[in-house]
Amino acid sequence: MSKLFTIFGNPVSHSISPLIHNFAMKKLNIDACYTRTLLKDSKEFKNVFLNSKFDGANITVPFKEVAFESCDTVKGIAKDIKAVNTIIKKDEKLIGYNTDALGFYEGIKSSEGIKSVLILGAGGTAKAISFILKDRGYNVTILNRSRARLEPFVKNGFNVYSWSDFKIKNFDLIVNTTSAGLNDNSLPLEKELLKKLFCGANFAIDVIYGRQTPFLKLATDNKLHSKDGLFMLLNQAVLAFEIFFDYRYNFEDIKESMKKAMSLL
Ligand code: NDP
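1. Comments concerning the overall build of the protein chain
Logical step 1: Check the secondary structure of the protein chain and you find 11 helices and 12 strands.
Logical step 2: Taken over the C-alpha trace, the protein chain has a radius of gyration of 19 Å; the compact-globule value for 265 residues is 18 Å, and the two agree within 12%.
Logical step 3: For the protein chain, the spread of C-alpha atoms along the principal axes amounts to about 55 × 35 × 35 Å.
Logical step 4: Looking at the 265 residues of the protein chain, the share that counts as buried comes to 51%.
Logical step 5: Here the contacts in the protein chain between residues at least 6 apart in sequence split such that 61% fall between residues at least 24 apart.
Logical step 6: Counting every atom, the protein chain has about 13100 Å² of accessible surface; 49% of that belongs to carbon and sulfur.
Logical step 7: Distance between charge centres in the protein chain, computed from 37 positive and 28 negative side chains, equals 2 Å.

2. Section: the site of the ligand
Logical step 1: In the vicinity of the ligand, 22 residues are found, and the nearest of them are Thr125, Asn144, Arg145, Ser146 and Arg149.
Logical step 2: Contact between the ligand and Gly229: a nitrogen atom at 3.0 Å from a main-chain N or O atom of the residue.
Logical step 3: For the ligand, the cavity whose grid points lie within 2 Å of the majority of its atoms is the largest pocket.
Logical step 4: Contributions of two or more residues to the shell around the ligand are made by α6 (124-135) and α10 (230-244).
Logical step 5: The class makeup of the residues in the shell around the ligand is 10 nonpolar, 10 polar and 2 charged.

3. Focus: the nonpolar core
Logical step 1: The biggest cluster of nonpolar side chains holds 31 residues, and the ones touching the most others in it are Phe104, Leu133 and Ile142.
Logical step 2: Among the elements of the structure, α5 (99-108), β7 (116-120), α6, β8 (139-144), β10 (173-176), β11 (203-206) and α10 are those that each provide at least two residues to this core.
Logical step 3: In terms of residue count, the dominant contributor to this core is α6 (6 residues).
Logical step 4: Counting residues in each nonpolar core, the second largest holds 27 residues, with Ala24, Ile88, Leu233 and Phe241 among its members.

4. Let's talk about the environment of Gly123
Logical step 1: Here Gly123 lies in the loop between β7 and α6.
Logical step 2: Assessed through its relative accessible area of 22%, Gly123 is described here as partly exposed.
Logical step 3: Each residue touching Gly123, except ones within four places of it in the same chain, is listed here: Arg149 and Phe153.

5. Notes on the sheet that holds strand β9 (residues 159-162)
Logical step 1: Overall, parallel pairing links the 6 strands, which are arranged β9-β8-β7-β10-β11-β12 in an open sheet. Of all the strands in the sheet, just β9 and β12 (225-227) have a single pairing partner and so form its edges. Across the sheet, the mean angle separating the axes of adjacent strands is 15 degrees when strand polarity is ignored.
Logical step 2: Relative to β9, β8 runs parallel, the two sharing 4 bridges. Bridging across to β9, Thr141 finds its partner in Asn159.
Logical step 3: Strands β7, β10, β11 and β12 of the sheet are contacted by helix α9 (residues 214-221), whose axis makes an angle of about 165 degrees with β11.

6. Things to note about the packing of helix α8 (residues 191-199) against α9
Logical step 1: With their axes 10 Å apart at the nearest point, α8 and α9 run at an angle of 45 degrees to one another. Considering their axes alone, α8 and α9 lie oblique with respect to each other. Our pair here, α8 against α9, has a crossing hand that is right-handed. From α8, Lys191, Leu194, Lys195 and Phe198 reach across to α9, where they touch Phe215, Leu218 and Ala219.

Criteria and thresholds
- Residues numbered from 1 in each chain as written.
- Predicted model: local features only at pLDDT ≥ 70, side-chain atom pairs only at ≥ 80, totals over all residues.
- Heavy atoms only, no water.
- Helix = DSSP H or I, 4+ residues; strand = E, 2+ residues; numbered from the N terminus.
- Rg over C-alpha atoms; globule rule 2.2 N^0.38 Å.
- Buried < 20%, exposed > 50% of the residue type's maximum accessible area, 1.4 Å probe, protein only.
- Contact = heavy atoms within 4.5 Å.
- Areas by Shrake-Rupley, 256 points an atom, 1.4 Å probe, with all protein chains shown as cover.
- Lys, Arg positive; Asp, Glu negative; His and termini not counted.
- Charge placed at Lys NZ, Arg CZ, Asp CG, Glu CD.
- Near = heavy atom within 4 Å.
- Polar contact = N/O pair within 3.5 Å; in protein donor to acceptor, adjacent residues only side chain to side chain.
- 1 Å grid on protein atoms, 1.4 Å probe; cavity = no way out; pocket = protein on both sides within 12 Å on 5 of 7 lines; lining within 4 Å.
- Sits in = over half its atoms within 2 Å of the grid points.
- Nonpolar A, V, L, I, M, F, W, Y, C, P; charged D, E, K, R; others polar.
- Core = buried A, V, L, I, M, F, W, Y, C linked by side-chain atoms within 4.5 Å.
- Pairing = 2+ DSSP bridges.
- Axes fitted to C-alpha atoms, helices over the stretch in contact; angles between N-to-C directions.
- Parallel < 35°, antiparallel > 145°, perpendicular 65-115°, else oblique.
- Left-handed = near helix turned anticlockwise from the far one by under 90°.

What follows is the structure in structure tokens.
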């Protein structure tokens with residue numbers, strides 16, 4: 001029987017998930033369709049999902065936390081992050097996962113020489129990345145502009161700093177998870193401090209994708225191995241696709257077709 005999937009978000013019209021999932025389904029000869037659902041009110045999330053014909057969904061900003069709360073069962077690292085971006089419906093029950101986190105990890109796990117990681121920012125993306133990396137044995141430090149958002153990280157035993165109390169040291173990988181550079185030309189940290197951090201590092205990743213942010217430019221100028229967040233977007237989609245179809249399709253085959261879809265943009 002034909003299967004139906006969607007992405008919930010607000011806004012959601014910009015999402016490329018329908019394109020890449022539909023492309024992969026077609027390539028792999030799967031009888032299924034992936035749509036977009038604009039949700040106005042987070043309170044409607046569970047009812048809309050349960051009263052729909054959707055077999056599964058991805059969830060984007062700002063519904064990942066309410067999606068977590070709405071699940072009957074939550075799997076893996078999503079339990080610690082308390083946010084889910086992928087759900088499947090089984091026997092009218094919702095089962096949730098966080099593939100953002102694993103998607104990031106997939107993209108760095110084979111890079112040698114990464115033991116310590118500095119994460120800039122303390123929002124939802126920082127949480128997903130830092131929890132999975134800590135779980136996989138990396139030494140993770142969080143540095144955020146303000147203190148307010150650091151509380152969940154303190155509770156979970158991370159090294160945390162705000163701009164006012166940060167003391168510089170060496171980290172192998174620096175990750176920008178702030179929105180600095182998304183729609184402007186700002187850096188996520190004062191330039192001279194960032195340069196010093198880059199001097200002691202080998203790798204830099206900006207989770208923003210589709211443009212060379214000032215952060216990535218500075219990292220490249222300082223001869224670091226660097227990349228944007230496209231790999232994370234791609235990997236989270238491949239991992240979600242695996243879950244949607246109960247791991248019947250090969251990771252590399254799904255990835256190949258989704259990459260092809262992205263290249264058509
Ligand atoms: P949040 O709104 O949850 O968090 C934003 C964080 O950025 C906060 O810690 C905030 O600090 C900090 N911040 C914002 N502006 C600045 C600035 N000018 N200088 C320094 N710090 C700043 O955002 P998300 O975690 O949801 O998203 C963050 C980024 O990740 C976005 O750019 C988004 O596009 C990208 N993203 C990429 C994905 C991918 O697959 N590649 C997936 C999901 C998101 P404070 O607490 O002080 O306000």
